[in-house]
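# Architecture and fold: a report
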Amino acid sequence: MKKKVFNFIIGYHGDSAIVDKRALKSNSSLTSRELADKGLFKSAFCDAIYDDDKESMSYILKLYNEKSGSRYESIDQLKLLFGVFSVPDEITRTAKV
């Protein structure tokens, strides 16, 4: 699965990933930090997960806590919050909605 697609998945149906095509079109060129700065925290976190970029994950955690007033303490807590743990291997198709 391509990183740009992974960043904008909004759900799954069987072996298909459902992708937000508007968000993909308008934000696919942004880095994880740029996505976070724009308030697209889940997409930013997906971008960082895809690259296993722990520095960006920490940046997202800090910024998310600042903007939301939350007190998440770890990357694992963000994984639970966003429901994103890794890039799924079993996805073979995408549907853009």
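Our subject is the structure listed above.
Attention here is on the structure that accompanies the text. Quick caveat, the model's predicted, so the values are computed rather than measured.

## Observations regarding the packing of aromatic side chains
On inspection of all chains with the given rule, the structure shows five aromatic pairs. With 5.8 Å between their ring centres and 80° between their planes, tyrosine 64 and phenylalanine 82 make a pair best called edge-to-face. Pair noted here: tyrosine 64 is in helix α5 (residues 54-68) and phenylalanine 82 is in helix α6 (residues 75-82), with a separation of 18 residues, a long-range link. Judged by relative accessible area, which is 15%, tyrosine 64 ranks as buried. Residue phenylalanine 82 is classed as buried on the basis of its relative accessible area of 14%. Ring pairing ties together the aromatic residues Phe41, Phe45, Tyr64, Tyr72 and Phe82, which thus form one cluster. Lying across the ring of tyrosine 59, arginine 33 places its NZ or CZ 4.7 Å from the centre.

## Comments concerning the sheet that holds strand β2 (residues 16-19)
The strand order β1-β2-β3 describes an open sheet built from three strands, whose pairing is mixed. For this open sheet the edge positions go to β1 (9-13) and β3 (93-96), each flanked by a neighbour on one side alone. Averaged over all pairs of adjacent strands, the angle between strand axes in this sheet comes to 30°, irrespective of strand direction. Pairing between β2 and β3: four bridges, direction parallel. The partner of isoleucine 18 across the bridge, within β3, is alanine 95.

## Some details on the side chain of asparagine 65
Mapped onto the elements of the fold, asparagine 65 is located in helix α5. Under the relative-accessibility criterion, asparagine 65 is labelled buried at 15%. Those residues in contact with asparagine 65 that lie beyond four places of it in its chain are Ser70, Arg71 and Tyr72.

## Brief notes about α5
Compared with an ideal rise of 1.5 Å per residue, which puts 15 residues at 21 Å, α5 spans 21 Å between its outermost C-alpha atoms and is within 8% of the ideal. For α5, every residue scored as buried is listed here: Ser56, Met57, Ile60, Leu61, Leu63, Tyr64 and Asn65. Looking at the buried positions of α5, the neighbouring elements they touch are α3 (32-37), α4 (41-51) and α6. For α5, the capping residue at the N-terminal end is aspartate 53, with a side-chain oxygen 3.3 Å from the backbone nitrogen of glutamate 55. Backbone geometry just downstream of α5 places glycine 69 in the positive-phi region, at approximately 80°.

Conventions used here
- Residues numbered from 1 in each chain as written.
- Predicted model: local features only at pLDDT ≥ 70, side-chain atom pairs only at ≥ 80, totals over all residues.
- Heavy atoms only, no water.
- Phe/Tyr/Trp six-rings, centres within 6.5 Å; stacked < 30°, edge-to-face > 60°.
- Helix = DSSP H or I, 4+ residues; strand = E, 2+ residues; numbered from the N terminus.
- Buried < 20%, exposed > 50% of the residue type's maximum accessible area, 1.4 Å probe, protein only.
- Lys NZ or Arg CZ within 6 Å of the ring centre and 35° of its normal.
- Pairing = 2+ DSSP bridges.
- Axes fitted to C-alpha atoms, helices over the stretch in contact; angles between N-to-C directions.
- Contact = heavy atoms within 4.5 Å.
- Expected span 1.5 Å × (residues − 1).
- Polar contact = N/O pair within 3.5 Å; in protein donor to acceptor, adjacent residues only side chain to side chain.

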